[in-house]
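Here is what each chain is made of, one letter per residue.
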Amino acid sequence: MIKRYLLAPGPTPVPPEVLLAMARPMIHHRAPEFSELFGEVRENLKWLFQTQNDVLILASSGTGGMEGAVGNFLSPGDKALVINGGKFGERWGKLCKTFGVQVTEIKVEWGQAVDPAAVAEALKKDPAIKAVFVQASETSTGVAHDTKALADIVRPLDGTILVVDAITALGVFDLKTDAWGLDVVITGSQKALMLPPGLAFVSVSDKAWQMAEKAKNATFYFNFKKERESQVKNQTAYTPAVSMILGLQEVLKMLKAEGLEAVFTRHARLAHAMREGIKGAGLSLFPKKSPSDAVTAVSSPEGVDGQAIYRNLRVQYGITAAGGQDHLKGKIFRVSHMGYMDSFDVIMTVAAIEMVLKGLGHSVKLGSGVARAQELLIVK
Ligand SMILES: Cc1ncc(COP(=O)(O)O)c(C=O)c1O
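This structure is a prediction, so every number in the text was calculated from the model and none was measured.

Caption draft 1: Up close: the pattern of salt bridges. Overall, the coordinates contain 17 salt bridges when judged by the stated rule. Across the pair Arg-42 and Asp-54 runs a salt bridge, and its minimum N-O distance is 3.0 Å. Here Arg-42, found in helix α2 (residues 32-49), pairs with Asp-54, found in the loop between α2 and β2 (55-59); they are twelve residues apart in sequence, far enough to count as distant. By relative accessible area, which is 10% here, Arg-42 ends up buried. Close ionic contact of Lys-87 with Glu-90 constitutes a salt bridge, the shortest N to O distance being 3.6 Å. In this pair, Lys-87 and Glu-90 are both assigned in helix α4 (residues 87-98), three residues apart and thus about one turn of the helix distant. Under the relative-accessibility criterion, Glu-90 is labelled partly exposed at 22%.

So this is what it looks like as structure tokens:
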């Protein structure tokens, strides 16, 4: 027997009480019982998103929310600025092209965060740009872009919206949707929301809704206006993922009981201990600055294949982490500390990394990283 541990940056572990909530008998989505449930989760999502605006709930993975964010606000021929600092930034560019949107890309070296001055410069150079697309947390590199700084640049521009992929950011660190003026914020269920994959969530500002009024791209399943018409009545346009919404009700109760600040502090504390533990084991972090509190990307030591570390963690110790993507394959591996995680997930992961490295013949002082993580996680 091998006991399994899920430390990938999504899907993340689902708490037992959430699993139980999802196992409840099916209810019909046009019955009053569903509307009541839907009304409750809609209110609590506003709290989580720090917004007064509606948060649409879609039955799709996160990319469905991203697709809708391009299709509903822009028209073919419109201009967009895409911040591409990794696999998911690249996805914004592909989505824009699919919808005939003209893309200006700011290419950010993988492992670096975007320089907000470069965004300000690009917008000044081309005032026709209607939307800026960014990742709050670029999961492929473990970097957090400075969303607030970008919002400060975009907010004063009447004809431009900021669209934030917060798929590994929302519920991990602070994103003040209304206070900072984030026009469109997207997340998915299988990350900090501690649910299985299958739901996407999108908040939309008044400025973005006004843009949607003029947009001419064709959407059907991801038509946000149509969804909103239903969702404000606590209905959905199509059959919702009912069991997932029962799980979401439980998750939102848990998060509310903990409090938003405490949720952010928990993630920051675990992320810090993971980073320090990994450094304590003699490894270096892939992001040079601005690491995301959702996921830690680790550079594989000289002469050791990152894919072998990732594979051995899973095969030898039952820990599913993640490897590097594209040109980072073999060069990095990634471990998550997002969602239903605690101190011992961090300690176990650092311990297993040390053991894998030793097993691969790399020189490592066993316990050095673990001791560092333990120091930081002692409850005083
Ligand atoms: C930052 C980011 N954006 C987008 C996605 C895509 O989400 P999904 O796989 O749920 O479609 C992911 C998934 O890992 C992600 O981490």
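There's more to say after this.
Caption draft 2: Representation of the side chain of Gln-231 in the model. Tracing the backbone through its elements, the reader meets Gln-231 in helix α9 (residues 224-231). If sequence neighbours within four positions are ignored, Gln-231 has contacts with Phe-38, Arg-42, Val-55, Leu-56, Ile-57 and Thr-236.

Caption draft 3: Spotlight on the packing of aromatic side chains. Tallying each qualifying case throughout the model produces six aromatic pairs. With a centroid separation of 5.9 Å and an interplanar angle of 65°, the aromatic rings of Phe-73 and Phe-224 are classed as edge-to-face. Of the two residues, Phe-73 sits in the loop between α3 (62-71) and β3 (79-84) while Phe-224 sits in helix α9, which places them 151 residues apart along the sequence. For the residue pair Phe-73 and Phe-224, the accessibility class agrees, reading buried in each case. For the pair Tyr-221 and Phe-222, a centre-to-centre distance of 5.0 Å together with 75° between the ring planes defines the contact as edge-to-face. Taken together, the aromatic side chains of Phe-220, Tyr-221, Phe-222 and Tyr-238 make up a single cluster linked through ring pairs.

Caption draft 4: The pairing of strand β12 (residues 295-299), seen in detail. In terms of burial, β12 is a largely internal element, five of the five residues being buried. Taken together, the two bridges between strand β11 (residues 284-285) and β12 define a ladder with antiparallel strand orientation. Bridge pairing links Ser-284 to Ser-299 in β12. For β12 and strand β15 (residues 332-336), the ladder comprises five bridges, and the chain directions are antiparallel. Its bridge partner being in β15, Ala-297 is matched across the sheet by Arg-334.

Caption draft 5: Region of the structure containing the site of the ligand. What surrounds the ligand is a group of 13 residues, the closest being Ser-61, Thr-63, Thr-139, Asp-165 and Lys-191. Between the ligand and Thr-139, the relevant distance is 2.5 Å, taken from an oxygen atom to a side-chain nitrogen or oxygen of the residue. For the ligand, whose free accessible area comes to 390 Å², the fraction covered by protein is 87%. Secondary-structure elements contributing two or more residues to the shell around the ligand are α3 and α4. Ranked by the residues each element gives to the shell around the ligand, the list is headed by α3, at three residues.

Caption draft 6: Molecular detail of the sheet that holds β11. Strand order in this open sheet of four strands is β11-β12-β15-β14, and the pairing throughout is antiparallel. Every interior strand has two partners, whereas the edge strands, β11 and β14 (322-323), have only one. The pairing of β14 with β15 spans two bridges and is antiparallel. Bridge pairing links Ala-322 to Arg-334 in β15. Here helix α12 (residues 306-317) sits on the sheet in contact with β14 and β15, set at roughly 35° to β15.

Caption draft 7: Layout of α3. The buried fraction of α3 amounts to eight of the ten residues, a majority that puts the element mostly inside the structure. Among the residues of α3, Gly-62, Gly-64, Gly-65, Met-66, Gly-68, Ala-69, Val-70 and Gly-71 are the ones counted as buried.

Caption draft 8: Representation of the packing of helix α11 (residues 260-280) against helix α14 (residues 368-377) within the structure. At a minimum axis distance of 7 Å, the contact between α11 and α14 shows a crossing angle of 155°. Between α11 and α14, the angle falls in the class roughly antiparallel. Judged by the sense of rotation from one axis to the other, the crossing of α11 with α14 is right-handed. Here Arg-269, Leu-270, His-272, Ala-273, Glu-276, Gly-277 and Gly-280 of α11 come into contact with α14, specifically with Ser-368, Gly-369, Arg-372, Ala-373, Leu-376 and Leu-377. Here the contact of α11 with α14 is built from residues that sort into five nonpolar, five polar and three charged.

Definitions and cut-offs
Residues numbered from 1 in each chain as written. Predicted model: local features only at pLDDT ≥ 70, side-chain atom pairs only at ≥ 80, totals over all residues. Heavy atoms only, no water. Salt bridge = Lys/Arg side-chain N within 4 Å of Asp/Glu carboxyl O. Helix = DSSP H or I, 4+ residues; strand = E, 2+ residues; numbered from the N terminus. Buried < 20%, exposed > 50% of the residue type's maximum accessible area, 1.4 Å probe, protein only. Contact = heavy atoms within 4.5 Å. Phe/Tyr/Trp six-rings, centres within 6.5 Å; stacked < 30°, edge-to-face > 60°. Pairing = 2+ DSSP bridges. Near = heavy atom within 4 Å. Polar contact = N/O pair within 3.5 Å; in protein donor to acceptor, adjacent residues only side chain to side chain. Areas by Shrake-Rupley, 256 points an atom, 1.4 Å probe, with all protein chains shown as cover. Axes fitted to C-alpha atoms, helices over the stretch in contact; angles between N-to-C directions. Parallel < 35°, antiparallel > 145°, perpendicular 65-115°, else oblique. Left-handed = near helix turned anticlockwise from the far one by under 90°. Nonpolar A, V, L, I, M, F, W, Y, C, P; charged D, E, K, R; others polar.

Shape is all these values report; function is a separate question.
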